[in-house]
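Report on the structure
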Amino acid sequence: MNRVMITATNTLSQLQKQMDIHANNMANVDTTGFKRREASFGELLVQQFNNQPAEELMGVQRMTPEGVRQGVGAKLAQAKLVSTQGSLKSTDRALDFALTGEGQYFRILQQTENGAEIRYTRDGSFHLTPSGNNEVMLVTGNGDAVLGQNNEPITFSSDVNQFTLLEQGRLQAQTANGGTQTVNLGITVVHKPQYLTQIGENMLSLPAEAEMDGIDIYTDLAGQFSGDISLSQGVLEQSNVDLSKEMTDLMNTQRSYQFQSRSITMADQMMSLINGIR
């Protein structure tokens, strides 16, 4: 296999990953609070051939670096999570919330194979489910518990009938007999979104090594940081995916994929001609 084939084959596998990213973005265009990813590429190892043996002539009347550089293809350097705010859709539902601060996420307790783990989401469409002892629990559409500032599941008396969002992420529930209960929603701001991993079901996670760094990666908005919470009631944040842009980028990626495939075909034809010389 010659260098052309190696270069094209390496790049083809990375372009396939980019197409998968575009396809995932497009599939979630209507997913509440979804954040799209954007691919960026970097160059693989480069080999340099110094074609000027005379040192006294090196750099003379040149505008480009010395030598001839030959690469071996490109790689997907990063699939960056784009945290820009999505548009807001009014629902007039008391348990629908939209985070309007960039980089802020609700904390959710999700059951996994390794036990209960804290996850993050921008989807603020919450519901109530019975939890026993005449109480109801605040959960996501998938039934995962919504956490408060103390990282404990949020529960209310089973006879609640009205919810009011107060300042600094405080949610007040009113019971049928006129009593009230106030809880603080657990909200985290992620300073470095590249650490977030999309794990499905509109959830994101942080790796264990990122959580060890704590304040450098994220901040739980509690106590003195509660004033930074930006939250609206009765609305939901839509996906920040621009479908027309994704379609255009996907077509450009497919065209690049075709060019690389054509390179392999042309290299194979050239090798066939050489092998056919008698």
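Cut-offs applied
Residues numbered from 1 in each chain as written. Predicted model: local features only at pLDDT ≥ 70, side-chain atom pairs only at ≥ 80, totals over all residues. Heavy atoms only, no water. Helix = DSSP H or I, 4+ residues; strand = E, 2+ residues; numbered from the N terminus. Rg over C-alpha atoms; globule rule 2.2 N^0.38 Å. Buried < 20%, exposed > 50% of the residue type's maximum accessible area, 1.4 Å probe, protein only. Contact = heavy atoms within 4.5 Å. Areas by Shrake-Rupley, 256 points an atom, 1.4 Å probe, with all protein chains shown as cover. Pairing = 2+ DSSP bridges. Phe/Tyr/Trp six-rings, centres within 6.5 Å; stacked < 30°, edge-to-face > 60°. Lys NZ or Arg CZ within 6 Å of the ring centre and 35° of its normal. Polar contact = N/O pair within 3.5 Å; in protein donor to acceptor, adjacent residues only side chain to side chain.

Some words on the overall build of the protein
Along its length, the protein carries three helices and 21 strands. For the protein, whose C-alpha radius of gyration is 27 Å, the value lies well above the compact-globule estimate of 19 Å for 278 residues. If one aligns the C-alpha atoms of the protein with their principal axes, the spans along those axes are about 95 × 45 × 35 Å. By residue count, 35% of the 278 residues in the protein fall in the buried class. For the protein, long-range pairs separated by at least 24 residues make up 65% of all intrachain contacts whose partners lie at least 6 apart in sequence. Carbon together with sulfur atoms contributes 49% to the accessible area of the protein, which is approximately 15700 Å² in total.

Quick look at the pairing of strand β9 (residues 127-132)
Of the strand pairs in this sheet, β9 and strand β10 (residues 135-139) are connected by five bridges, and their pairing is antiparallel. Along β10, the bridge assignment pairs P130 with V136. Here β9 folds back onto β10, and the loop between the two strands holds two residues, one of which, N133, carries a positive phi near 55°.

Observations concerning unusual backbone geometry
A positive phi is found at N133, a non-glycine position, where the angle reads about 55°. Among the secondary structure elements, N133 is positioned in the loop between β9 and β10. What makes N133 exposed here is its relative accessible area of 73%. A positive phi angle, close to 60°, is found at Q168, a residue other than glycine. Along the chain, Q168 turns up in the loop between β13 (160-165) and β14 (170-175).

Quick notes on the packing of aromatic side chains
Enumeration over the complete set of coordinates arrives at three aromatic pairs. Pairing F97 with F126 gives two aromatic rings, centres 6.0 Å apart and planes at 40°, and the pair type is tilted. Of the two residues, F97 sits in strand β6 (residues 97-99) while F126 sits in the loop between β8 (115-121) and β9, which places them 29 residues apart along the sequence. Neither residue differs from the other here; F97 and F126 are each classed as buried. Ring centres of F156 and F163 lie 5.2 Å apart, and the angle between their planes is 75°; on these two criteria the pair is classed as edge-to-face. Judged by relative accessible area, F156 falls into the buried class, the value being 1%. For F163, a relative accessible area of 10% gives the class buried. Three or more aromatic residues link up through ring pairs in this structure, and these residues are F97, F106 and F126. Against the face of Y105 rests R122, its NZ or CZ located 5.9 Å from the ring centre.

So, the side chain of Q110
Mapped onto the elements of the fold, Q110 is located in strand β7 (residues 104-112). When its relative accessible area of 8% is taken as the criterion, Q110 is described as buried. Within the structure, the side chain of Q110 is placed 3.2 Å from the side chain of E201, a separation counted as a polar contact. Ignoring any residue separated from it by four or fewer positions in sequence, one finds Q110 in contact with G115, A116, E117, R119, D144, I199, E201 and M203.

By themselves these figures say nothing about function.
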